[in-house]
Amino acid sequence: MAASRRNLKRARARPSVSERKEIPEKALIMSGFGINSEMETQEALARAGMASDIVHINDLISGRRKLSEYRLLVFPGGFSYGDDTGAGNAYANRVRNNLKDDLLEFLDGDNLVLGICNGFQILANLGLVPAFDKTYARDIALMPNRGGRLECRFVILKPAADNLWTSGIERITCPVAHGEGNFSCSKETLQRIRKQKMIAFTYCREDLSPADGEYPFNPNGSVEDIAGITSSNGKVLGLMPHPERAMEFTNLYDWPLLKERMKRERIPLPAESGNMQVFRNIVAYFQ
């Protein structure tokens, strides 16, 4: 628990709505049938200092809204189109078949893309991660969990690389809620991801030692405990756990125990969890 307490010492008090300062850049949070984490994602970004619009994919396809108006593109969690043709596959096909040119133009700019859970699956199907040499081939997959069931639990993550997404993070504690989060790829792809330091977060134990594939620390059987990776240029992040679903200190599964320990050590109780650092890092990039 020592590492957990050190991390909480750096957590911030949550600013009031009137104290929030927003950067001029805006985020587009994708919506559509089966997506269910838009509002949590929007709130996390707002607390970090970035305004956003929740936009249905049909409004982008029709031209009512333009991807070029934004600097951050977020594919949030959910079960898009019921995952009936594979996790994130139908949604990815709608993007590919209708918005490919707009998306490629967005990726060529100094912009960021975040995919969480089902959003990570969408990114994988689109080839936006790992996107070696901007080929956008489908080099990875999020396969069914090794345990054969939906996993809804908290997991501990630690950064595996120093990049814009992981800056200032020692560990974060996030919920997972997925049936297909088992990160899989060829040996050649894994070697290349490792060599280019594209593994962003890995599942670990309470003491930050590797999960080594052991359940429940690694909830799905992902190779090398991979929870999230970036694109080769570092501007796209795919992450299976949900930092936006545990923004508050009191959202953490062990907050009553942490509270008592912090009170005895006379450490002020934080209002927000360390998960907010992921979103603050996005804002810091644009600043």
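Everything that follows concerns the structure shown earlier in this document.
The paragraphs below set out a description of the structure included in this document. (Residues numbered from 1 in each chain as written. Predicted model: local features only at pLDDT ≥ 70, side-chain atom pairs only at ≥ 80, totals over all residues. Heavy atoms only, no water.)

1. Comments concerning the overall build of the protein
- Each helix and strand counted, the protein has eight helices and 11 strands in total.
- At 18 Å, the protein has a C-alpha radius of gyration in line with the 19 Å of a compact globule built from 287 residues.
- Principal-axis analysis of the C-alpha atoms gives the protein an extent of 55 × 45 × 35 Å.
- Among the 287 residues that make up the protein, the fraction classed as buried is 53%.
- If you sum the accessible surface of the protein, you get close to 12500 Å²; carbon and sulfur atoms cover 48% of it.
- Of note, the protein has its 38 positive side-chain charges centred 4 Å away from the centre of its 35 negative side-chain charges. (Helix = DSSP H or I, 4+ residues; strand = E, 2+ residues; numbered from the N terminus. Rg over C-alpha atoms; globule rule 2.2 N^0.38 Å. Buried < 20%, exposed > 50% of the residue type's maximum accessible area, 1.4 Å probe, protein only. Areas by Shrake-Rupley, 256 points an atom, 1.4 Å probe, with all protein chains shown as cover. Lys, Arg positive; Asp, Glu negative; His and termini not counted. Charge placed at Lys NZ, Arg CZ, Asp CG, Glu CD.)

2. A short note on the nonpolar core
- Judged by nonpolar contacts, the single largest core of 71 residues is most densely connected at F75 and I282.
- Here this core gets seven residues from one element, more than from any other, and that element is helix α4 (residues 89-108).
- What I282 contacts, discounting residues up to four positions off in sequence, is L45, M50, L72, L112, L114 and W165.
- Counting residues in each nonpolar core, the second largest holds five residues, with F249, L252, L258 and I267 among its members. (Core = buried A, V, L, I, M, F, W, Y, C linked by side-chain atoms within 4.5 Å. Contact = heavy atoms within 4.5 Å.)

3. Quick word on the side chain of E244
- One can find E244 in the loop between β11 (236-239) and α7 (255-264).
- By relative accessible area, E244 is classed as buried at 1%.
- Side-chain polar atoms of E244 contact the side chain of H242, separated by 2.6 Å.
- In contact with E244, other than residues within four places in its own chain, are S37, E40, T41, A44, I116 and F279. (Polar contact = N/O pair within 3.5 Å; in protein donor to acceptor, adjacent residues only side chain to side chain.)

4. Remarks on the packing of α4 against helix α5 (residues 118-126)
- Where α4 meets α5, the axes come as close as 9 Å, and the angle between the chain directions of the two elements is 60°. Taken as axis vectors, α4 and α5 run oblique relative to one another. The two elements α4 and α5 cross, and the hand of that crossing is right-handed. Contacts from N89, Y91, A92, V95, R96 and L103 of α4 reach α5 at I122, N125 and L126.
- Tallied by class, the residues present in the contact of α4 with α5 amount to six nonpolar, two polar and one charged. (Axes fitted to C-alpha atoms, helices over the stretch in contact; angles between N-to-C directions. Parallel < 35°, antiparallel > 145°, perpendicular 65-115°, else oblique. Left-handed = near helix turned anticlockwise from the far one by under 90°. Nonpolar A, V, L, I, M, F, W, Y, C, P; charged D, E, K, R; others polar.)

5. A short note on the side chain of N118
- Of note, N118 is situated in helix α5.
- At 2.8 Å, the side chain of N118 forms a polar contact with the side chain of S80.
- Looking at N118, its side chain comes within polar contact range of the side chain of Q121, at 2.7 Å.
- Discounting chain neighbours no more than four positions away, the residues touching N118 are I35, P76, G77, G78, F79, S80, D83, A87 and G88.

6. Some details on the pattern of salt bridges
- Here the structure, examined in full by the defined rule, presents 18 salt bridges.
- As a salt-bridge pair, K235 and D110 come within 3.0 Å of each other at their nearest N and O atoms. Here K235, found in the loop between β10 (226-230) and β11, pairs with D110, found in the loop between α4 and β4 (112-116); they are 125 residues apart in sequence, far enough to count as distant.
- We classify K235 as partly exposed; its relative accessible area is 22%. (Salt bridge = Lys/Arg side-chain N within 4 Å of Asp/Glu carboxyl O.)

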